[in-house]
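So the chains spell out like this:
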There are 2 protein chains.
Amino acid sequence: MRPLGHNMVSIVDVARHCGVTPSSVSRALNNKAGVSESLRQKIKQACIELNYAPNEVARTLITKESKLIGLIIPDLVSTYYASIAKGVNEYLRSQGYNVLLCDCNRDEHIEKDNIQFLKRQRVEGIIMVSVTASESDIKAIKDSGIQVVAADVELSDSISSVINDNYTGALQLFRHMIHQGCKNIGLILGNKRSKTTIDRLRAFKQVMEENAIEFNEHNIIYTDATFENGYKKTKGLLGKGIDSIFAINDSVALGAIKYCQDHGIKIPDNIKVAGYDDLEISSMISVPLTTVHQRKIFLGKKAAELLLQEIENAQDPIKIVLTPKLVVRASLGEKQ
Amino acid sequence: MRPLGHNMVSIVDVARHCGVTPSSVSRALNNKAGVSESLRQKIKQACIELNYAPNEVARTLITKESKLIGLIIPDLVSTYYASIAKGVNEYLRSQGYNVLLCDCNRDEHIEKDNIQFLKRQRVEGIIMVSVTASESDIKAIKDSGIQVVAADVELSDSISSVINDNYTGALQLFRHMIHQGCKNIGLILGNKRSKTTIDRLRAFKQVMEENAIEFNEHNIIYTDATFENGYKKTKGLLGKGIDSIFAINDSVALGAIKYCQDHGIKIPDNIKVAGYDDLEISSMISVPLTTVHQRKIFLGKKAAELLLQEIENAQDPIKIVLTPKLVVRASLGEKQ
DNA sequence: ATGAAAGCGCTAACAA
DNA sequence: TTGTTAGCGCTTTCAT
């Protein structure tokens, strides 16, 4: 059994079966001119009878069009990345391409391996959702004649990227918080050097300034953006006399909410909470969470679209910035 | 730019650069005997300098070993399926294989397309997580000399499969419910013909019998297993005087819980609730949900392991049944 | 230890 | 309209 394609029928078999040469079969199957309609029908019929599946490997070798796009993501199980992958996949399918999905498990080493793998498979382009890739990684790919587009991150000025506008999204949210009467906001952010955290903090400072509220460094906590940390860090924040919490994402917000519930602190009466990401669950909890929605599937689609355009004809890199949408629910005391 | 591989360096370039023939380069790179160690080093060095990436397409054409495995799943964004994919991917990577992931968007038509695609790509095997595939689909794949293994479903007696034991999982849960004092359990199940629903219902009947409780058909609701339906169907169930709810999955359970919260019904005091699946969120809600945990990543790994074994040497199909694990939390009134 | 030659399954000139 | 030929980039005998 071992050798693959053992009993795979080839174009030669089909040709023999129809009493013609392989070239005619090729022409017929690829709908090219130069075959009589009757022969074309006969050949197509034969393919069905013989259960013939064209060998894409051989086709790619000669045409140099693998119709394959590589997609590199940090983690398949994350809904955020999976959604981007969904968008990429759907769009590429519709355009006759297929995607070679590489889950890097948030591991830089695996990511490098995957890039090599994609090069070897002769993909026509790569969409990178990566935090670790360097300028030189990008360059190495482009030097091989493979187009690259960054999704959700800006990896380099030399390639196009499509990203969510964290500054504007956070701006909307913070203004809404002020509107809801928040006067002393505590922040649970992510890694201090993460671009996401930086951009949203910038929005915070801006809104504080707009409202002539003094910016208070002590109300900010930087941490790993997990549910557990949302829970743990809330206690400390509450001691600082804040009236509301902005969490860097919904998981963290959920952790904060859980802490409050466990300690008899009513939301939104005693404390208001806002998140970011709009997880499915965020609308399901007892006090539905006000948050910011990002168009993940659309982001994936846009990145794929961009990549295909650049494959068709090289063009200068561009940036597409998607504006997130504020989702007003109840955790900031909005009236229903 | 269009033609791919435009500037891709080939084995011939490497050979020329070293003043040898392509065959020597091939031998060197594949670590085969018949090359002097010094030449091997020289060649490997040249590959690095020239940024040479072996053309896997050409290699596959001749060796007939694509080192590619197809994975067909209904939906990438579902955490359940994504986790299975993770397991498959991790294991195959460790064995030198890569996976061609196909998201079918729960669409039978796309699934058929994807099977064709995988055949054309000459994958060495396929792992199917499918509800719609028929016996004849399976047969068509095997006839092409491609091995198939079913994951999470039993598609056919002619292929191996690895599944979660819904009967045993549900059995544990229902016995625990009885132990927690549930006397009149309402069920919100999925599609009446779904194997999952059937198996868990069978466990329910068994437990009812064990405890000499009359089985009451009226306490069962069949519906699409979504959060929304969990919310909606709860009202009707509550009118039937039940003291507890078993939901076919955690999403549905969350919907039921939300309904109760919205209507001042206390969990677990007024009504007890149990789910199935152990979503991440289930431990995060105000009254953590008692549920059943399934080893999704492990399931994927096992399926991949099985497939590789069958690719190495054909063997009779086997079934691997994974036993889920009851996760006792608080929604059935367990004391902490 | 190295080279020469054939061929994997297909497409794409060029002939006929 | 159809056939003939060459060759994509590699591996693999078989010579040397």
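Positions within a chain are numbered from 1, following the residues in the order the chain's sequence is written. Chain letters and ligand numbers both follow the written order, the letters beginning at A and the numbers at 1. Local features in this predicted model are restricted to residues of pLDDT 70 or higher, and side-chain atom pairs are both shown and tallied only at a pLDDT of 80 or more, whereas totals for entire chains, interfaces and linings draw on every residue. The side-chain figures draw on all heavy atoms in the structure; neither hydrogens nor water molecules are used.

1. Describing the protein's contact with DNA strand D
It suffices for a single heavy atom of a residue to lie within 4 Å of a molecule or strand for the residue to be listed as near it. Near DNA strand D there are 26 residues, and of these Ser23, Gly34 and Ile62 of chain A together with Ile11 and Lys32 of chain B occur at the shortest range. Backbone atoms, meaning sugar and phosphate, make up 67% of the atoms of DNA strand D lying within 4 Å of the protein. Interatomic distance of 3.0 Å between a side-chain N/O atom of threonine 21 of chain A and a phosphate oxygen of DNA strand D. Within the backbone of serine 36 of chain A, a nitrogen or oxygen atom sits 3.0 Å from a phosphate oxygen of DNA strand D. Definition of a polar contact: a pair of N or O atoms within 3.5 Å, with one able to donate and the other able to accept a hydrogen when the atoms are protein atoms, and with sequence-neighbouring residues admitted only if both atoms are side-chain atoms.

2. A word on helix 4 (residues 56-63) of chain B
In an α-helix, one turn spans 3.6 residues, which is why side chains three or four residues apart end up on the same side. Note on exposure labels: buried denotes an accessible area under 20% of the residue type's maximum, exposed denotes more than 50%, and partly exposed covers the range between, all computed with a 1.4 Å probe on protein chains only. Numbered from the N terminus, helices here are DSSP runs of H or I no shorter than four residues, and strands are runs of E no shorter than two. Among the residues of helix 4 of chain B, those classed as buried are Glu56, Val57 and Thr60 of chain B. Projected down its long axis, helix 4 of chain B carries its buried residues within an arc of 100°, all on one side. In this fold, the buried residues of helix 4 of chain B make contact with helix 4 (56-63) and helix 6 (108-120) of chain A. Where helix 4 of chain B starts, the residue carrying a side-chain oxygen 2.8 Å from the main-chain nitrogen of valine 57 of chain B turns out to be asparagine 55 of chain B. Working note: the arc is built from the helix axis to C-beta atom directions. Any two residues whose heavy atoms approach within 4.5 Å are treated as being in contact.

3. Here we look at the relation of the copies chain A and chain B
For this overlay, a least-squares fit was computed on C-alpha atoms, restricted to residues scoring pLDDT of at least 70 in both copies. Relative to chain B, chain A is turned by 180° and slid 0.1 Å along the rotation axis, the superposed coordinates differing by an RMSD of 0.2 Å. Both copies of the chain, as the preceding transformation shows, are related through a two-fold rotation axis. Comparing interface residues between copies, 100% of those in chain A also sit at the interface in chain B, which points to an isologous, same-surface contact.

4. Examining empty space enclosed by the protein
Any residue with an atom within 4 Å of a point lines the site, the site being either a cavity, points on a 1 Å grid over the protein atoms alone where a 1.4 Å probe fits but cannot get out, or a pocket, an open set with protein on both sides within 12 Å along at least 5 of 7 lines. Grid points are joined across faces, edges and corners, and a volume is the space filled by probe spheres set on the points. Across all of its chains, the model carries eight cavities of 30 Å³ or more by this definition. Looking at the largest cavity, its volume works out to about 150 Å³. As for the largest cavity, its lining consists of 16 residues, and the residues nearest its centre are Ile285 and Ser286 of chain A together with Gln261, Ile285 and Ser286 of chain B. Of all the secondary structure elements, the ones that give two or more residues to the lining of the largest cavity are helix 11 (250-262) of chain A together with helix 11 (250-262) of chain B. Put simply, the second largest cavity is a space of about 120 Å³. Looking at the lining of the second largest cavity, the elements that each hand over two or more residues are helix 4 of chain A together with helix 4 of chain B.

5. Re unusual backbone geometry
Look at the link from isoleucine 267 of chain A to proline 268 of chain A: it is a cis peptide, with omega at 5°. Assignment of secondary structure puts proline 268 of chain A in the loop between helix 11 and strand 9 (272-274). You will see that arginine 122 of chain B, though not glycine, has its phi angle at about 55°, which is positive. As for its placement among the helices and strands, arginine 122 of chain B is situated in the loop between helix 6 (108-120) and strand 3 (125-128).

6. Re the pairing of strand 5 (residues 160-164) of chain A
Residue and element names in this part refer to chain A. Of all the five residues making up strand 5, five are buried; the element is thus mostly covered by neighbouring parts of the structure. Burial along strand 5 is two-sided: Ser160, Val162 and Asn164 and Ser161 and Ile163, pointing in opposite directions, are all buried. In this scheme, strands are said to pair when DSSP sees at least two bridges between them. As judged from the three bridges shared by strand 4 (residues 147-151) and strand 5, these two strands associate in the parallel manner. Within the sheet, the bridge partner assigned to alanine 151 lies in strand 5 and is valine 162. Direction of pairing for strand 5 relative to strand 11 (residues 319-322): parallel, over a ladder of four bridges. Residue pairing in the sheet places isoleucine 163 in a bridge with valine 321 of strand 11.

7. Things to note about the protein's contact with DNA strand C
Every one of the 27 residues lining DNA strand C counts as a neighbour, but Ile11, Lys32 and Tyr52 of chain A together with Gly34 and Ile62 of chain B are closest to it. Each atom of DNA strand C within 4 Å of the protein belongs either to a base or to sugar and phosphate, the latter forming 68%. Tyrosine 52 of chain A has a polar side-chain atom sitting 2.6 Å from a phosphate oxygen of DNA strand C. Take threonine 21 of chain B: an N or O atom from its main chain is 3.0 Å from a phosphate oxygen of DNA strand C. Only helix 2 (22-29) and helix 4 of chain A together with helix 2 (22-29) and helix 4 of chain B provide two or more residues apiece to the surface near DNA strand C. With four residues, helix 4 of chain A is the largest single contributor of residues to the surface near DNA strand C. Asp, Glu, Lys and Arg are counted as charged, while Ala, Val, Leu, Ile, Met, Phe, Trp, Tyr, Cys and Pro are counted as nonpolar; the rest, among them Gly, fall into the polar class. Here the residues of the surface near DNA strand C sort into 10 nonpolar, 12 polar and five charged.

8. Notes on the packing of aromatic side chains
Under the pairing criterion, centres of Phe, Tyr and Trp rings, with the six-membered ring standing for Trp, must be within 6.5 Å; the plane angle then separates stacked pairs below 30 degrees from edge-to-face pairs above 60, leaving the rest tilted. Inspection of the entire model under this criterion finds 12 aromatic pairs over all chains. Seen from their ring centres, phenylalanine 174 of chain A and phenylalanine 204 of chain A are 5.0 Å apart, and the 65° between their planes marks the pair as edge-to-face. On the criterion of sequence distance, the pair formed by phenylalanine 174 of chain A in helix 8 (residues 166-179) and phenylalanine 204 of chain A in helix 9 (residues 195-210) is long-range, its members being 30 residues apart. The same class applies to phenylalanine 174 of chain A and to phenylalanine 204 of chain A, which are both buried. Between the aromatic rings of tyrosine 231 of chain B and tyrosine 259 of chain B, the centroid separation amounts to 5.3 Å while the plane-to-plane angle is 80°, which identifies the pairing as edge-to-face. With tyrosine 231 of chain B in helix 10 (residues 227-238) and tyrosine 259 of chain B in helix 11, this pair connects stretches of sequence that are 28 residues apart. An aromatic cluster is defined as three or more aromatic residues linked by ring pairs; in this entry it consists of Phe174, Phe204, Phe215, Phe246 and Tyr276 of chain A. The criterion is that NZ of a Lys, or CZ of an Arg, lies within 6 Å of the ring centre and within 35 degrees of the ring normal, and then a charge sits over that ring. We note arginine 200 of chain A situated over the ring of tyrosine 276 of chain A; from NZ or CZ to the ring centre the distance is 3.4 Å. For arginine 295 of chain A, the ring lying beneath its charged end belongs to phenylalanine 298 of chain A, and the centroid distance is 3.9 Å.

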